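Structure assessment
As a plain string of letters, each chain reads:
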Amino acid sequence: NSSSTELPNDSGRQAPVDSDQEDHDTYTWMEEVRKGQDFAKRGDHDTAIACFTEAIRLEPTNASAYESRCGAYAMQREVTKAIADYSEAIRLDSSDASVYASRGLTYVKQGQFDKAIADCTEAIRLEPAYALAYAHRGRAYGQQGDFDKAIADCSQAIRLEPTYGDAYARRG
């Protein structure tokens, strides 16, 4: 008992598309993301990337598959690929503060502090109580030598998340 949707075929007539197939494809890409996350937790980043890549092939407009894959790329220090996936995830869904903050941290690690500050600032604009974005931005300011702004951001991260030890360490 499946429903169908009509899509045009080459003859110009409508051809039925089984919505059960669409549901299966959705389940399949979600299953690939879950498997990839499991492999990543075990440290098998090559297999995780393969799973995330398959999820992207099945559902190329879903930002979460890109976001998951960029984390695996980052763990393998494939920073260029990680940044490309963060950027694609943002292009697909520009409302996710965590993606901006994560790309910001990646930029910090690459010494691209202005880009890091811009991404973390956008994350804070989207989610003003996002402690991690303040901490990452504070780290970027500190690396630039702007210690007043670094201390202010780390202090804000601590106010928002009092148990966030990294913010205490960075603030000094």
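The structure contained in this document is the topic of the report that follows.

Definitions and cut-offs
- Residues numbered from 1 in each chain as written.
- Predicted model: local features only at pLDDT ≥ 70, side-chain atom pairs only at ≥ 80, totals over all residues.
- Heavy atoms only, no water.
- Helix = DSSP H or I, 4+ residues; strand = E, 2+ residues; numbered from the N terminus.
- Buried < 20%, exposed > 50% of the residue type's maximum accessible area, 1.4 Å probe, protein only.
- Contact = heavy atoms within 4.5 Å.
- Core = buried A, V, L, I, M, F, W, Y, C linked by side-chain atoms within 4.5 Å.

**Observations concerning the overall build of the protein**
- From N to C terminus, the protein includes nine helices and two strands.
- From first element to last, N terminus to C terminus, the protein shows the α and β order β-β-α-α-α-α-α-α-α-α-α.
- In the protein, which comprises 172 residues, the share counted as buried stands at 37%.
- Contacts in the protein between residues at least 24 apart in sequence constitute 35% of all its contacts with a sequence separation of at least 6.

**Focus on the nonpolar core**
- With 32 residues, the main nonpolar core has Val 33, Ala 123, Tyr 130, Ala 133 and Ala 157 as its most contacted residues.
- Looking at this core, the elements that each hand over two or more residues are helix 1 (19-41), helix 2 (45-58), helix 3 (63-75), helix 4 (79-92), helix 5 (97-109), helix 6 (113-126), helix 7 (131-144) and helix 8 (147-160).
- Looking at this core, the element that brings in the most residues is helix 3, giving six residues.
- Beyond its immediate chain neighbours, meaning those up to four positions away, Ala 133 contacts Ala 101, Cys 120, Ala 123 and Ile 124.
- Val 79, Ala 140, Tyr 141 and Ala 150 belong to the second largest nonpolar core, which has ten residues in total.

**Some thoughts on the side chain of Asp 85**
- Tracing the backbone through its elements, the reader meets Asp 85 in helix 4.
- Sequence-distant contacts of Asp 85, defined by excluding residues within four places in its chain, comprise Tyr 66, Arg 69, Cys 70 and Tyr 73.

**With respect to the environment of Ala 72**
- In this structure, Ala 72 sits in helix 3.
- With a relative accessible area of 2%, Ala 72 lands in the buried category.
- Here Ala 72 is in contact with His 45, Ala 48, Ile 49 and Phe 52, once residues within four sequence places are set aside.

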